[in-house]
Amino acid sequence: MHDDRTLVESRLKRVLDERIRPAVHPASVPLEVSVWTAPGEPVPVAEGLAAPRTPIAAGDAWGAPWGTSWITVTGTVPAEWAGRTVEALLDLGFDANMPGFQCEGLVYRPDGTPVKGLNPQNQWVRIAAPAAGGERVELHVEAASNPVILDYHPFLPTELGDRETAGSELQYKLARMDLAVFDETVWELVMDLEVLGELMAELPVEGARRWEVLRAVERALDTVDLQDVNGTAAAARAQLAGVLASPAAPSAHRISAVGHAHIDSAWLWPLRETVRKVARTTANMTALLEDEPDFVYTMSQAQQYAWIKEHRPEVYARVKKAVADGRFVPAGGMWVESDTNMPSSEAMARQFVHGKRFFLEEFGVENQEAWLPDTFGFTGGLPQIIRNAGSKWLLTQKISWSQVNRFPHHTFLWEGIDGTRIFTHFPPVDTYNCSMKGSEIAHAARNFKDKGVARHSIAPTGWGDGGGGTTREMVAKAARLRDLEGSATVRWERPADFFAKAQAEYPQPPVWVGELYLELHRATLTSQARTKQGNRRSENLLREAELWCATAALRTGLPYPYEELDRIWKTVLLHQFHDILPGSSIAWVHREAEATYAGLAAELERLIGRAQQALAGDAAGGRALVFNAAPHARAGVPAGGAAAAPDGGSGCSVTARAEGGFVLANGLLSVTVDGDGLVVSAVDLATGRETVAPGARANLLQLHPDFPNMWDAWDVDQFYRNTVTDLTAADSVAVVADTPDAAAVRVTRSFGASTAVQTLALHAGERRLDIDTEVDWHETEKFLKAAFPLDVHTERYAAETQFGHLYRPTHTNTSWEAAKFEACNHRFVHLDEPGWGVALVTASTYGHDVTRTVRDGDGGTTTTVRFSLLRAPRFPDPRTDQGLHRFRHALVPGAGIADAVREGYLISLPERTVTGSVDAVRPLVELDADALVVSAVKLADDGSGDLVVRVYEAHGGRARGRLGTSFPLAGAVPCDLLERPWDGTRGEVTADGDGVTLALRPFELVTLRLTPASPAS
């Protein structure tokens, strides 16, 4: 037989496109259309429905950027359509290739009841089935003219990302607005032919199945009368029935499909638009659940449920019913799908606390899985947090985006820094927006790396990023793929059902130890510095507010601000979403974030000030009381307490050098700053050890060009290192402090259109060089780093992460190590040789790199740590990071890991001075072991008055210590993160009358619920 495969396949494409798909709606009549455009931000539904309309027609332009237009369509179902299925086809001017990234709409009935959302892949609204004929139709569309930010030529700078700069040019032209007959038989034929055509393309040419499908398709095409598609569709379908009924092979890969719409809580749209995206999508999905009995839909992010509850209660009622029916599945148990690299220990825990608690209170649902399909890499501290939240599974897809190395598993155990293991799955379909295409299903089966020992994978199915969700076409394709020869099998299943099956069939999967590093999007650790600093400041202020408010509540009876703290935490958690905190959203998002953080800071400062004043007593007492929120004592002030007379220090000096520059000394360190304002020596006087590598200069600002191949705000490509400008020239180097308490010099530099002012200071009694940096940044597509070349030989270094630290190599032996050329730290980076080490601590930066070289002169090793300060990408925010920024870092010579932990907390939680009448404030709790660190002190969320204390082992070894309380204990119970009694603690926890003895494993976290027997004193 001659090979006519290409001929038949080409025929199928043209006949589908030009004859069969158009016949799905064989008859139509135009609707009358009118519009009202809201003058500013979106208005309430009642106002939009009642506003006066003006006529508009197909082809007319509408919709300025970020505007809202209320479009009304009216018409009458023709009498001759009686008994047929009728739909309204409402095309707002869609580009079919961009669901979620352009205009959208939510359809309402005249009484304000929401019907469903409109998007490029979902333009129909069912009117009647069957129609009565003569029926009057009136629908209202709340149409959002969201501009296209990520266009066909992506990453071009645009001013459309903020309503303040987007202008008023109309973005869209109204297209088809019709009533139409829906021919279900023709639509089913389209689904048959699409599934078989897509399957055919994935089958081997030499296999019989491909040719069987080809011949069946050919017979169907022969059967279709192209002048009477509707009259011959049923006969054409009959020609396909045989090949569609042929069952899958027993060994076929098994796919658990779950309806899904990954909705970014903000990205190329502002937060307020996400509220409407969620309403549109959930309106669609609840309607689809009613039509499709096998379909199951899942949605994560408790924040998004809270939005619909507040803003679209009618839609939320439908969601609650579908959840109760087990068809609409809350997933993930987090407040948002957050970044996991940068949130603090406590913030990462609170993502689960607030997310899981919302689902429990609203739906009675306890999530077992963490659901983070699109997050940009996963910290090694996350498995323990998941476990302590009462969950045991993780799903993500993003690691498949890695540029260099292919991850070796799809189903595996992920082991965190403390040894906790979480059953983890990466969907081999390699997308969280599966559309049930044959190419996607075949790719999942071929790509699955655990063949022979496992057979199950999951496919999140539906349009996402900008929302939209699953379509009726996807459901129809899944039905045909349920048991089809040549394909993987597809079943709609809840995530928990998938994980239970996958875990049962694969009881001993391989283990991956440590972080799940994404070899992409590394610049998200630096972009939008103000957003990152706002996050860090909010986390620190929340720690202080909870500590001092809890202390004041137990000491003085001051009411604990439960509602305020709950609301603030949820706002901070929202802004840790994986396109806000990473700096990859439009200008509007980050402008609002900066204002939000400023408001939260003011509110938290008020709460802290009120609590501290209550503890300090009458301000007229005139006694200066120093409050220390850090988990370590400082200058004689205990951790979590206050003292009126902190220990002082003395001995600082500044000496001018003949060759230029100065020597700063305080009896612990001697730091030499040269005439260019660079650190050429930092000697630990206790050991005589030099910190700075011979011939090198530290605190060196370096400027790189920064124009990645794509994903501007997200990516920094390795070739950026090929070109570097050392900013050595100083405008001035001057002494600004020379007292027994402090020695400091200030360095001013100019470069490009920018300036940098740095203050380098030693303080009495402190073994660290403090570096305050102020940059007035006006560069474009540049990357600013601060380099510290250290005289340290080490193959690895430690970087703080949630509830501990992890180690990364300083070498690049393999492609896995070389790919980690930009990485994340929280408060410190630590390097050491046996017996001596160096810490670099930071108050607000995350990105850094570490490299090593061998010196020609003495053969020694220089290990260089560089903090990433600022970038200037132009997409999606063309003015990213422009303006004034302040950073604080410190160099700590002679530091062990304990010093790194301590100094990281101290730089982040500076002391506060309050005037009062008491001598001291005793901490509520005190630990007697340096390796055990208190990460949170708060009152229990249930209002019981119990004190909740979170403690972790911070040094990476076993530690035993006693948590003493300043009040008698009626009880002490280990809890999970949600403050419920929990027996999952692996270490020892033993309570006595006024304290708890702890024996924790490396990096182990324990949450204690302490019940006071009487008021604290």
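Just so we're clear, the structure is a prediction, and the values are computed from it rather than from any experiment.

With that settled, consider unusual backbone geometry. Here the residue pair A129 and P130 is connected by a cis peptide bond, since its omega of 0° sits within 30 degrees of zero. Structurally, the position occupied by P130 is in the loop between β9 (124-128) and β10 (136-145). The omega torsion of the bond from F875 to P876 falls at 5°, within 30 degrees of zero and hence cis. Following the sequence through the fold, P876 ends up in the loop between β43 (861-871) and β44 (883-893). The backbone phi angle of D465 is positive, close to 70°, even though this residue is not glycine. Within the fold, D465 resides in the loop between β20 (456-461) and α12 (472-480). Although it is not a glycine, A635 adopts a positive phi angle of roughly 50°.

This part covers the environment of L518. The residue L518 is located in the loop between β22 (511-513) and α14 (529-556) in this model. On the accessibility criterion, L518 (4% relative accessible area) is buried. L518 sits 118 residues away from S400 along the chain, and the two C-alpha atoms are 8.5 Å apart. Leave out the neighbours within four places in its chain, and L518 touches F376, G377, K398, I399, W401 and S402.

With that settled, consider the sheet that holds strand β53 (residues 995-1000). Sheet architecture is open: four strands sit in the order β47-β50-β53-β52, paired in antiparallel fashion. With partners counted over all chains shown, the strands left at the sheet margins are β47 (925-927) and β52 (988-992), one partner each. Between one strand axis and the next, the sheet turns by 15° as a mean value, whatever way the strands run. Pairing geometry for β47 and strand β50 (residues 959-965), over three bridges, is antiparallel. In the sheet register, V925 faces β50, and the bridge partner there is T965.

Next up on the list: the pattern of salt bridges. Within the structure shown, the criterion is met by 82 salt bridges. When the shortest N-O distance is used, the salt bridge between R567 and E603 registers 2.5 Å. Within this pair, whereas R567 is found in helix α15 (residues 562-574), its partner E603 is found in helix α16 (residues 587-616), the two being separated by 36 residues in sequence. Judged by relative accessible area, R567 falls into the partly exposed class, the value being 39%. A relative accessible area of 17% means that E603 is categorised as buried. Residue D946 pairs with R1009 through a salt bridge whose shortest N-O separation is 2.8 Å. Taken together, the residues span a long stretch of sequence, with D946 in the loop between β48 (932-939) and β49 (947-953) and R1009 in strand β54 (residues 1005-1012) at a distance of 63 residues.

What follows covers the pairing of strand β26 (residues 662-665). Pairing geometry for strand β25 (residues 653-656) and β26, over four bridges, is antiparallel. Bridge pairing in β26 links T655 to V663. In sequence, β25 turns back onto β26 through a hairpin of five residues, with G660 there showing a positive phi of about 105°. Looking at chain direction, β26 and strand β27 (residues 669-673) are connected through four bridges and run antiparallel. Opposite F662, over in β27, you have V673 as the bridge partner.

Turning our attention to the side chain of E493. On the secondary structure map, E493 appears in the loop between β21 (489-492) and α13 (495-505). Of note is the side chain of E493, whose polar atom sits 2.4 Å from the side chain of S256.

Another point: empty space enclosed by the protein. In total, this model carries nine cavities of 30 Å³ or more according to the counting rule given. Volume-wise, the largest cavity comes out at about 210 Å³. Along the wall of the largest cavity there are 19 residues; nearest its centre are S344, S345, E346, N540 and R827. Elements that contribute at least two residues to the lining of the largest cavity include exactly α9 (345-363), α14 and β48. Broken down by class, the residue content of the lining of the largest cavity amounts to six nonpolar, five polar and eight charged. The volume enclosed by the second largest cavity comes to roughly 130 Å³. Taken together, 17 residues make up the lining of the second largest cavity; nearest its centre are N341, F376, Y517, L518 and L525. Residues of the lining of the second largest cavity, tallied by class, amount to nine nonpolar, four polar and four charged.

The rules we used
Along each chain, residues carry numbers from 1 onward, in the same order as the chain's sequence is written. Residues qualify for local features only when their pLDDT is at least 70, as the model is predicted, and side-chain atom pairs are given and counted only at 80 or more; totals for whole chains, interfaces and linings, by contrast, use all residues. Heavy atoms from the whole structure form the basis of all side-chain values; hydrogens and water molecules are not counted. For the purposes of this entry, the term helix denotes a DSSP run of H or I that reaches at least four residues, the term strand denotes a run of E that reaches at least two, and both are numbered from the N terminus. Partly exposed residues are those whose accessible area sits between 20% and 50% of the maximum for their type, while under 20% is buried and over 50% is exposed, using a 1.4 Å probe and protein chains only. Contact criterion: two residues are considered in contact whenever any of their non-hydrogen atoms come within 4.5 Å of each other. We treat two strands as partners when DSSP finds at least two bridges between them. The axes used here are C-alpha line fits, helices contributing only the stretch in contact, and every angle between their N-to-C directions lies in the interval 0 to 180 degrees. By convention in these notes, a salt bridge is any Lys or Arg side-chain nitrogen within 4 Å of a carboxyl oxygen on Asp or Glu. Polar contact criterion, stated in full: a pair of N or O atoms within 3.5 Å, where within protein one must be able to donate a hydrogen and the other to accept it, and residues adjacent in sequence count only if both atoms are side-chain atoms. Of the two site types, the cavity is a set of points on a 1 Å grid over the protein atoms alone where a 1.4 Å probe fits but cannot get out, and the pocket is an open set with protein on both sides within 12 Å along at least five of seven lines, each lined by residues with an atom within 4 Å of a point. Grid points are joined across faces, edges and corners, and a volume is the space filled by probe spheres set on the points. Under this grouping Gly is polar, as are all residues other than the nonpolar Ala, Val, Leu, Ile, Met, Phe, Trp, Tyr, Cys and Pro and the charged Asp, Glu, Lys and Arg.

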